[in-house]
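# What the coordinates show
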Amino acid sequence: MKQDHAYWMKQALVQAGKAFAAEEIPVGAIVVKDGKVIGRGYNQREQLNDPTAHAEVIAITAAANTIDDWRLTDSTLYVTKEPCPMCAGAIVNARLRMVVFGCYDEEAGCCGSLYQLCGDPRFKTKVAVKGGVMEEQSLSIIQEFFVKRRTKSN
């Protein structure tokens, strides 16, 4: 059975749930190669005091360690929110085949919203991009997080 994008995005949403539980902005990511998850990650910036500890970077690092190669050419990244400039750069550098994301990020998204880093023809590597997969679920967990956070601080 060939899994579709929604199947994999549900697994990225599980990672986002881990971030939510850890009181981190709930973004989750997985890297898939040959029908298997080879890397998982969720936001851990607060936990690790690391500005680079975004879900995508953690998932990409885990995937590279799993296959013992930094080149993720035949892999797809699934992430619940459109990648920021740093993460889009990591996606290009890792040579991922494709990135599939949930909700768009009009403020910092670099896979189509604010800028299209992954498909920029000036780079040697072009990464296919598909946005809006399970967009409602991806956006609602982020919205729920910020509502909870605001309620907590009042």
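Preceding this paragraph is the structure being described.
What comes next is a walk through the structure.

Cut-offs and rules
- Residues numbered from 1 in each chain as written.
- Predicted model: local features only at pLDDT ≥ 70, side-chain atom pairs only at ≥ 80, totals over all residues.
- Heavy atoms only, no water.
- Helix = DSSP H or I, 4+ residues; strand = E, 2+ residues; numbered from the N terminus.
- Buried < 20%, exposed > 50% of the residue type's maximum accessible area, 1.4 Å probe, protein only.
- Contact = heavy atoms within 4.5 Å.
- Axes fitted to C-alpha atoms, helices over the stretch in contact; angles between N-to-C directions.
- Parallel < 35°, antiparallel > 145°, perpendicular 65-115°, else oblique.
- Nonpolar A, V, L, I, M, F, W, Y, C, P; charged D, E, K, R; others polar.
- Pairing = 2+ DSSP bridges.
- Right-handed = clockwise from strand over helix to strand, strands pointing away.
- Phe/Tyr/Trp six-rings, centres within 6.5 Å; stacked < 30°, edge-to-face > 60°.

## Structural notes on the environment of Thr66
Secondary-structure assignment places Thr66 in helix H3 (residues 55-67). For the pair Thr66 and Val37, spaced 29 residues apart in the sequence, the C-alpha separation amounts to 9.8 Å.

## Regarding helix H4 (residues 85-93)
Along H4, the residues classified as buried are Cys87, Ala88, Gly89, Ile91 and Val92. Lining the buried residues of H4 we find H3, strand S3 (75-81) and strand S4 (98-103). A positive phi of about 60 degrees marks Arg95, the residue just after H4.

## Quick look at the packing of helix H1 (residues 5-21) against helix H5 (residues 135-153)
To describe two helices that pack against each other, one gives the angle between their axes and the distance between the axes. Running from N to C, H1 and H5 point in directions that differ by 5 degrees, and their axes come no closer than 11 Å. In terms of axis orientation, H1 runs roughly parallel to H5. On the side of H1, the interface is formed by Leu13, Ala16, Gly17 and Phe20, while H5 contributes Gln137, Ser138, Ile141, Glu144, Phe145 and Lys148. In terms of residue class, the contact of H1 with H5 is built from five nonpolar, three polar and two charged.

## Some remarks on the pairing of S4
Counting buried residues along S4, six of its six residues qualify, which places the element largely inside the surrounding structure. As defined by bridge partners, S3 adjoins S4 across five bridges and the pair is classed as parallel. Bridge pairing in S4 links Lys81 to Cys103. In this view, the connection linking S3 to its parallel neighbour S4 by way of H4 has right-handed handedness. Where S4 meets strand S5 (residues 128-130), three bridges bridge the pair, whose relative direction is parallel. Looking at the pairing, Met98 lines up with Ala128 of S5.

## What to know about the packing of aromatic side chains
Note on aromatic pairs: each is described by the distance of the centres and the angle between the planes. This structure, assessed with the given rule, holds five aromatic pairs. Taking 5.9 Å as the distance between ring centres and 70 degrees as the angle between the ring planes, the aromatic pair formed by Phe20 and Phe145 counts as edge-to-face. Of this pair, Phe20 sits in helix H1 while Phe145 sits in helix H5, and the two are 125 residues apart along the sequence. Taken together, a centroid distance of 4.9 Å and an interplanar angle of 85 degrees make the contact between Phe101 and Tyr104 edge-to-face. For Phe101, a relative accessible area of 0% gives the class buried. Looking at Tyr104, the relative accessible area reads 38%, which means it is partly exposed. Here the aromatic residues Tyr7, Trp8 and Tyr78 are joined through ring pairs into a cluster of three or more.

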